[in-house]
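Secondary and tertiary structure notes
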Amino acid sequence: MPATGRAAHLLALRQRAENGLAALAGLAPSDVLRRRLERAAPLLEALGTAPDGDSPELDSSIPKSSPWAALLDCVTVQETRLFRTAPQLLSLSALLPDLPGRPLRLLSAGCATGEEAWSLSILAGASGIEAEVLGLDLCRPALKAAESGRYLAGPPDALREVPPVFLPCFTQAGGWVMPRTGPRPIFRHANLLHPPADLGTFDAILCRNVLIYLLPEARQAVLRRLVAILRPGGALLLGATDKPDPGLPLAQVPGAHVMWRRL
């Protein structure tokens, strides 16, 4: 194929991939996404027809055997850290005794490699409150890392954002950092835009640094679904630039770091 034809073919493949990723997971076009699609060029040939609003793949989570799932493994952003945005987590820690459920159910929505879910587990363990922690993500390799509960000690230091009071909740051995207190999180492969119907309800939901990668309509759809499974009185923690729709039954927590309570 001539170079110009090859370039046009690759452009068409990337466009189909962007359209499919938007339909499946609400991912917005961006320079980051396009660079990742370029690196995944061999995979794009295997995608077949781009899914649309009538695709059976949209019923709950994307089938693990789908080439689209393999593409999502390649393009989703997995940037996270133990106790990332620690002031926000400390605000949640102070709120845990006032949350409605026992045991508490805590959700890390878009958990990536699991550091946030394990941080939630440590918060619950340190508070002495019985809790269940669930982490959801689309990326299968990230979920495998999350389930291991082991993180490279560094550099950079894996514990660099952990408040000193929680450092005794970790152990280090053989170049790895491992949480050692709190309930063990459960991790599931799931699509936040089309979540499984059996999730139940939660007392606190963290969806941080996820919505920024979504199209505006997908962002609001995800927020509506998360609020629907948040118990009255429960806490919703978002990323620094995220703002829920004013029509949602939420009240911002004064003085807290990007936190709302369900009315």
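Since the structure is predicted, the reported quantities are computational estimates derived from the model, not experimental observations.

1. Observations regarding the overall build of the protein
Within the protein, the secondary structure is distributed over eight helices and 10 strands. Taken over the C-alpha atoms alone, the protein extends approximately 65 × 50 × 30 Å along its principal axes. Within the span of the protein, comprising 263 residues, buried residues form 51% of the whole. Taking the intrachain contacts of the protein between residues at least 6 apart in sequence as the baseline, contacts between residues at least 24 apart amount to 76%. Carbon together with sulfur atoms contributes 56% to the accessible area of the protein, which is approximately 12000 Å² in total. On the protein, the mean spot of the 27 positive side-chain charges and the mean spot of the 24 negative ones are 3 Å from each other.

2. Here we look at the sheet that holds strand β9 (residues 250-252)
If you trace the seven strands from one edge of the open sheet to the other, you get β6-β2-β1-β7-β8-β10-β9, paired in mixed fashion. Both edges of this open sheet fall to β6 (186-189) and β9, since each of them pairs with a single strand only. With direction set aside, neighbouring strand axes in the sheet form an average angle of 20°. Across three bridges, the pairing between β9 and strand β10 (residues 259-262) is antiparallel. Its bridge partner lying in β10, Ala 251 is registered against Arg 261. Docked against the sheet, helix α8 (residues 216-228) engages β1 (104-109), β7 (202-207), β8 (230-238), β9 and β10, running at close to 140° with respect to β8.

3. Some thoughts on the pairing of strand β4 (residues 170-173)
Inspection of the sheet shows β4 paired to strand β5 (residues 176-179) by four bridges, in the antiparallel sense. Its bridge partner being in β5, Gln 172 is matched across the sheet by Val 177. Taking the residues between adjacent antiparallel strands as the criterion, β4 and β5 are bridged by two residues, where Gly 174 takes a positive phi near 60°.

4. Comments concerning the pattern of salt bridges
Using the criterion set out here, one finds nine salt bridges in the structure. For Arg 140, the salt bridge is made with Asp 73, and the minimal N-O distance between the two is 2.6 Å. Here Asp 73 lies in helix α4 (residues 67-75) and Arg 140 lies in helix α7 (residues 140-148), a separation of 67 residues in the sequence. A salt bridge links Arg 231 to Asp 203; the shortest N-O distance between them is 2.8 Å. On the criterion of sequence distance, the pair formed by Arg 231 in strand β8 and Asp 203 in strand β7 is long-range, its members being 28 residues apart.

5. Section: unusual backbone geometry
Look at the link from Arg 102 to Pro 103: it is a cis peptide, with omega at 0°. By secondary structure assignment, the location of Pro 103 is in the loop between α5 (86-95) and β1. Positive phi is not limited to glycine here, since Thr 85 has a value of about 55°. Position of Thr 85 relative to the elements: it lies in the loop between α4 and α5. Given a relative accessible area of 38%, Thr 85 falls into the partly exposed group. In this structure, Ala 112 takes a positive phi of about 55° despite not being glycine. A relative accessible area of 5% means that Ala 112 is categorised as buried.

6. Overview of the sheet that holds strand β3 (residues 151-152)
The sheet built from three strands is open, its strands ordered β3-β5-β4 with antiparallel pairing. Since the sheet does not close on itself, it has two edges, and those belong to β3 and β4, each with one partner.

7. A word on the UniProt feature "domain: CheR-type methyltransferase" (unreviewed entry) in the protein
Per the UniProt annotation, the sites labelled "domain: CheR-type methyltransferase" (unreviewed entry) are residues 69-242. Along residues 69-242 one finds 30% helix and 24% strand; the C-alpha atoms at either end are 26 Å apart.

8. Some thoughts on the packing of helix α2 (residues 31-39) against α4
α4 packs onto α2 with a crossing angle of 120° between their chain directions and a minimal axis gap of 9 Å. Here α4 runs oblique to α2, going by the angle between their axes. Crossing of α2 over α4 shows right-handed handedness. In this structure, α2 contributes Leu 33, Arg 36 and Leu 37 to the contact, and α4 contributes Leu 71, Cys 74 and Val 75. Counted by class, the contact of α2 with α4 contains five nonpolar, no polar and one charged residues.

So, how was this worked out
- Residues numbered from 1 in each chain as written.
- Predicted model: local features only at pLDDT ≥ 70, side-chain atom pairs only at ≥ 80, totals over all residues.
- Heavy atoms only, no water.
- Helix = DSSP H or I, 4+ residues; strand = E, 2+ residues; numbered from the N terminus.
- Buried < 20%, exposed > 50% of the residue type's maximum accessible area, 1.4 Å probe, protein only.
- Contact = heavy atoms within 4.5 Å.
- Areas by Shrake-Rupley, 256 points an atom, 1.4 Å probe, with all protein chains shown as cover.
- Lys, Arg positive; Asp, Glu negative; His and termini not counted.
- Charge placed at Lys NZ, Arg CZ, Asp CG, Glu CD.
- Pairing = 2+ DSSP bridges.
- Axes fitted to C-alpha atoms, helices over the stretch in contact; angles between N-to-C directions.
- Salt bridge = Lys/Arg side-chain N within 4 Å of Asp/Glu carboxyl O.
- UniProt positions renumbered as here; feature names shortened; annotations may be inferred.
- Parallel < 35°, antiparallel > 145°, perpendicular 65-115°, else oblique.
- Left-handed = near helix turned anticlockwise from the far one by under 90°.
- Nonpolar A, V, L, I, M, F, W, Y, C, P; charged D, E, K, R; others polar.

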